Amino acid sequence: MTVKISHTEVIQRFFKEAAGFSSDNGNPRLKSIILRILQDSARIIEDLDITEDEFWKSVDYLNRLGGRSEAGLLVAGLGIEHFIDLLQDAKDEQAGQTGGTPRTIEGPLYVAGAPVYEGLARMDDGSEEGVATVMFLEGQVFDLSGQPLAGATVDLWHANTKGTYSFFDQSQSEYNLRRRIITDAQGRYRARSIVPSGYGCDPQGPTQECLDQLGRHGQRPAHVHFFISAPGHRHLTTQINLSGDKYLWDDFAYATRDGLVGEVQFRDDGARGVAGRYAELRFDFQLQQAVAPAAEQRSHRPRALQQV
């Protein structure tokens, strides 16, 4: 027989006390959130008949997850970050804010303060020359009426051929494969970089441990992340997932969306002054108008090197 007590007045009063409602001090918003977490956690324990061993194993898992700084990876892998995007899409539709390039997840690997270039930038430091395939990435930034946006900031970052990111991979140089490009008078941005590799979760890490228990892989397709911003326009967080990748539509982080697939063209014609095979990728962006100044700014989630 299942015993349930979380609904009783005594337990509800206890949870309110634990959430700080007996004190005039503290943050009312946080109190409400903590109360809901306590109430819902109790219902899960009761409804699924969670054992003490299961409960404390979960607590240990959270400790290990935080110790490896993988919480941001897990919320992407469990689809929570994608859900937040879908919820914002629904809110936008209800408010009549539609059109433009789709948003998708940021992921946990952005680093602020990348070097700024006008119109054109080289992103790689040359350390993978002879191993990596050179990639020319370019496009334009437009408003919803199709007018190019001069002076927009295209903040982009991606992995190397091993699927790792500078700053988090100490073997790479500072800000390797991370740049901010200011669009020219025609709204154009251009970058010379390398074709990135997809990557997977650390097979020994807690995120993959959870995915293994769910019978899921932890692989991502090759992709390029973007923050796009321009005065008077809504900030866009998105990424391009590269065509032809095995995991393009099987991304463990659920970032691939219609309208965000970059069609990579491989050439070997010497037209770009590159010996041998190289890749070209063109991708344009459209930004919505900002309904309020705050919409021009990205979210305030914690990131590496918060200064810009």
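Since the model is a prediction, treat every value here as computed from it, not as a measurement.

**Student:** Tell me what's going on with the UniProt feature "domain: Intradiol ring-cleavage dioxygenases" (unreviewed entry) in the protein chain, and back it up with residues and numbers.
**Tutor:** This chain's UniProt record puts "domain: Intradiol ring-cleavage dioxygenases" (unreviewed entry) on residues 137-165. Secondary structure over residues 137-165 splits into 0% helix and 45% strand, and the C-alpha atoms at its two ends are 18 Å apart.

**Student:** Residues and numbers for the nonpolar core, please.
**Tutor:** Ranked by internal contacts, the top residues of the largest apolar core, which has 31 residues, are V154, L156, Y189, F226, I228 and F285. Of all elements in the fold, only β3 (134-143), β4 (153-158), β6 (188-194), β9 (223-229), β10 (236-242), β13 (278-282) and β14 (285-287) reach the threshold of two or more residues within this core. If near-sequence neighbours (up to four positions away) are discounted, F285 is found in contact with T101, Q140, V141, F142, Y189, F226, I228, L236, T238 and I240.

**Student:** Lay out the pairing of strand β5 (residues 178-182) in plain terms, naming residues and giving numbers.
**Tutor:** Taken across its five residues, β5 has five buried, putting it largely inside the fold. With burial as the criterion, each face of β5 is covered, one bearing R178, R180 and I182 and the other bearing R179 and I181. Of the pairings in the sheet, the one linking strand β1 (residues 116-118) to β5 comprises three bridges and is parallel in character. What sits directly across from V116, in β5, is R180. Pairing between β4 and β5: five bridges, direction antiparallel. The residue of β5 that forms the bridge with W157 is R178.

**Student:** Any chance you could break down the side chain of T238 for me, citing the residues and the numbers?
**Tutor:** By the secondary structure assignment, T238 is in strand β10. Here the side chain of T238 touches P102 through a polar contact of 2.9 Å, landing on its backbone oxygen. Setting aside residues no more than four positions away along its own chain, T238 makes contact with P102, R103, T104, H225, F226, L260 and F285.

**Student:** Hey, could you go over the packing of helix α3 (residues 52-67) against helix α6 (residues 206-214) for me, with residue numbers and the actual values?
**Tutor:** Closest axis-to-axis distance for the α3/α6 pair is 9 Å, and the angle between their directions is 135°. Taken together, α3 and α6 sit at an angle that is classed as oblique. Contacts from Y61, R64 and L65 of α3 reach α6 at P206, T207, E209 and C210. Its residues assigned to classes, the contact of α3 with α6 comprises four nonpolar, one polar and two charged.

Criteria and thresholds
- Residues numbered from 1 in each chain as written.
- Predicted model: local features only at pLDDT ≥ 70, side-chain atom pairs only at ≥ 80, totals over all residues.
- Heavy atoms only, no water.
- UniProt positions renumbered as here; feature names shortened; annotations may be inferred.
- Helix = DSSP H or I, 4+ residues; strand = E, 2+ residues; numbered from the N terminus.
- Core = buried A, V, L, I, M, F, W, Y, C linked by side-chain atoms within 4.5 Å.
- Buried < 20%, exposed > 50% of the residue type's maximum accessible area, 1.4 Å probe, protein only.
- Contact = heavy atoms within 4.5 Å.
- Pairing = 2+ DSSP bridges.
- Polar contact = N/O pair within 3.5 Å; in protein donor to acceptor, adjacent residues only side chain to side chain.
- Axes fitted to C-alpha atoms, helices over the stretch in contact; angles between N-to-C directions.
- Parallel < 35°, antiparallel > 145°, perpendicular 65-115°, else oblique.
- Nonpolar A, V, L, I, M, F, W, Y, C, P; charged D, E, K, R; others polar.

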